[in-house]
Number of protein chains: 2
Amino acid sequence: MRISELSSRSGVPVATIKYYRREGLLPEGRALNPTAVEYGEEHVRRPRLIRSLVQLGGLSVARTREVLDAVDRPLGAFETLGVVHHALPVPSVDGNGKSGKGHAGPDTDRDEAAPGEGAAARVEALIESMGWQISDESPHRPALAASLAALRRVGADYTADDLLPYARLATSTADLDFAQLDGIEDRIALAERAVVLTVLFEPVVRLLRRLAQEDANHRRHHRRACSRSGPPAG
Amino acid sequence: MRISELSSRSGVPVATIKYYRREGLLPEGRALNPTAVEYGEEHVRRPRLIRSLVQLGGLSVARTREVLDAVDRPLGAFETLGVVHHALPVPSVDGNGKSGKGHAGPDTDRDEAAPGEGAAARVEALIESMGWQISDESPHRPALAASLAALRRVGADYTADDLLPYARLATSTADLDFAQLDGIEDRIALAERAVVLTVLFEPVVRLLRRLAQEDANHRRHHRRACSRSGPPAG
């Protein structure tokens, strides 16, 4: 197919596909002549994945290329998901996601977090208590330590034990997330879904917590109002 | 006490306190003479709350003033929490919180979300299924609808029923949140804690989900590897 059909089938504009091609993100098509390129079925889902990574994930072109390389390697679903998961923006205290490794080198990131031994030790204690298997390269360990350090700075101190009930609920949430991936074997589809689950579905999880908080406030208020009116007779 | 003591006791720099005073965010102290103002105990925790709202919450000065007015009114904990909760930045698809009403008027916000009837109806169905009490003014309803609409645009469609298990876990999380507020009766302390819980603790919840996802990926991989190696003998 020509680039126009690739565009209509992938839903990504021709100009955007050409940009991805110039950046080396799209595998070469078969050159028919100096101005026309023929694309195959293997190209169709690729522009959408790239767009997910760049536009939804906010990944740099270099980082997108790393993820695509991983998706192209004959890795299992486990490794593919791991690479995508660590590349996506990491939640941080200022509320804005920043990319796992991002534009700066890993050393800069480590300095930036500088969470102090206390916070890092609490994260390790929590991971151990939960029996979680987390790689040493996970960007989420130092990010969690940085968040705990920020909380301590405003006088809100959380021990590993304080976080355990939250961690257990997070495990249940992650199980629901993985149920959404069940049955997807294709690596490109899996990578795309992982981006959607992490980047687009995360606000849903956060908003459900906000709604549940409002309801919890109502329930607590109602309970107090009832207990103030005295115990029921009899 | 003088402004220097107010600064050291609240942990907020003198220049910042003066700025809050110029913006009318700090109640007037007692003027001793044209250049010296005497502050009382009632002022001590105020600069910290203002700083939480402005720096952590990212609230505009006008919006901060609204929240402080609510904290100053003789409202119960329920109403105080409600006002703070609706004023804080709302999670959105682009990953950046934006303030509930923000700088633009409410009408602009409503247009911006424009989630379509389908998404709004799914949010209402979910709230009804959960039996949640949510006010009509909640900024989290249209934000959730907008998130669902964004997911639909990338081909990930969620019905109210799909979201129910997530909503149940959100309820459990919100109950943990409110356990953290138990025993705090003072309105300023409560408002401050609500900001911390929402703005600073939210990244913790998100990062725990990320860590739990990595562990879930490991567990799923392990289960598959074991089932591939065949059932145990005997």
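For the structure itself, look to the data block above.
Predicted model, so just to flag it, every value in this text is computed and none were measured.

Undergrad: How do you make sense of the packing of helix α3 (residues 46-56) of chain B against helix α4 (residues 61-72) of chain B when you look at a structure like this?
TA: When two helices pack together, their arrangement is given by the angle between the helix axes and the distance between those axes. All names here are of chain B. At a closest axis distance of 10 Å, the pairing of α3 and α4 adopts a crossing angle of 140°. Comparing the axis directions of α3 and α4 gives the class oblique. Taken as a pair, α3 and α4 cross one another with a handedness that is right-handed. Contacts between α3 and α4 involve Arg46, Leu49, Ile50, Leu53 and Val54 on the former and, on the latter, Thr64, Val67, Leu68, Val71 and Asp72.

Undergrad: What's the story with the interface of chain A and chain B in this structure? I'm lost.
TA: Interfaces are frequently sized by the accessible area removed from exposure as the parts join. The interface of chain A with chain B comprises 80 residues on the first partner and 80 residues on the second. In this assembly, chain A packs against chain B so that about 7,900 Å² is buried in total across both faces, 61% of it on carbon and sulfur atoms. Together, Tyr166(A), Arg209(A) and Arg210(A) form the three largest contributors to the area buried by chain A at its contact with chain B, with a combined 10%. Scanning the region where chain A abuts chain B turns up 12 salt bridges. Arg209(B) is the partner of Glu202(A) in a salt bridge, and the nearest nitrogen-oxygen pair spans 3.8 Å. The interface formed by chain A and chain B contains 37 residue pairs in polar contact (both at pLDDT 80 or more). Residue assignment for the side of chain A that touches chain B shows that the elements contributing at least two residues are α3 (46-56), α5 (77-87), β3 (89-90), α8 (140-153), α9 (160-181) and α10 (187-228) of chain A. Broken down by element, the residue count for the side of chain A that touches chain B peaks at 28 residues, all from α10(A).

Undergrad: How do you make sense of the packing of aromatic side chains when you look at a structure like this?
TA: The geometry of an aromatic ring pair is captured by two quantities: the separation of the ring centres and the angle between the planes. Counted by the stated rule, this structure contains 6 aromatic pairs over all chains. Three or more aromatic residues joined by ring pairs form one cluster here, namely Tyr158(A), Tyr166(A) and Phe201(B).

Conventions we followed
Residues numbered from 1 in each chain as written. Chains lettered and ligands numbered in written order. Predicted model: local features only at pLDDT ≥ 70, side-chain atom pairs only at ≥ 80, totals over all residues. Heavy atoms only, no water. Axes fitted to C-alpha atoms, helices over the stretch in contact; angles between N-to-C directions. Helix = DSSP H or I, 4+ residues; strand = E, 2+ residues; numbered from the N terminus. Parallel < 35°, antiparallel > 145°, perpendicular 65-115°, else oblique. Left-handed = near helix turned anticlockwise from the far one by under 90°. Contact = heavy atoms within 4.5 Å. Buried area = accessible area lost by both parts, 1.4 Å probe. Salt bridge = Lys/Arg side-chain N within 4 Å of Asp/Glu carboxyl O. Polar contact = N/O pair within 3.5 Å; in protein donor to acceptor, adjacent residues only side chain to side chain. Phe/Tyr/Trp six-rings, centres within 6.5 Å; stacked < 30°, edge-to-face > 60°.

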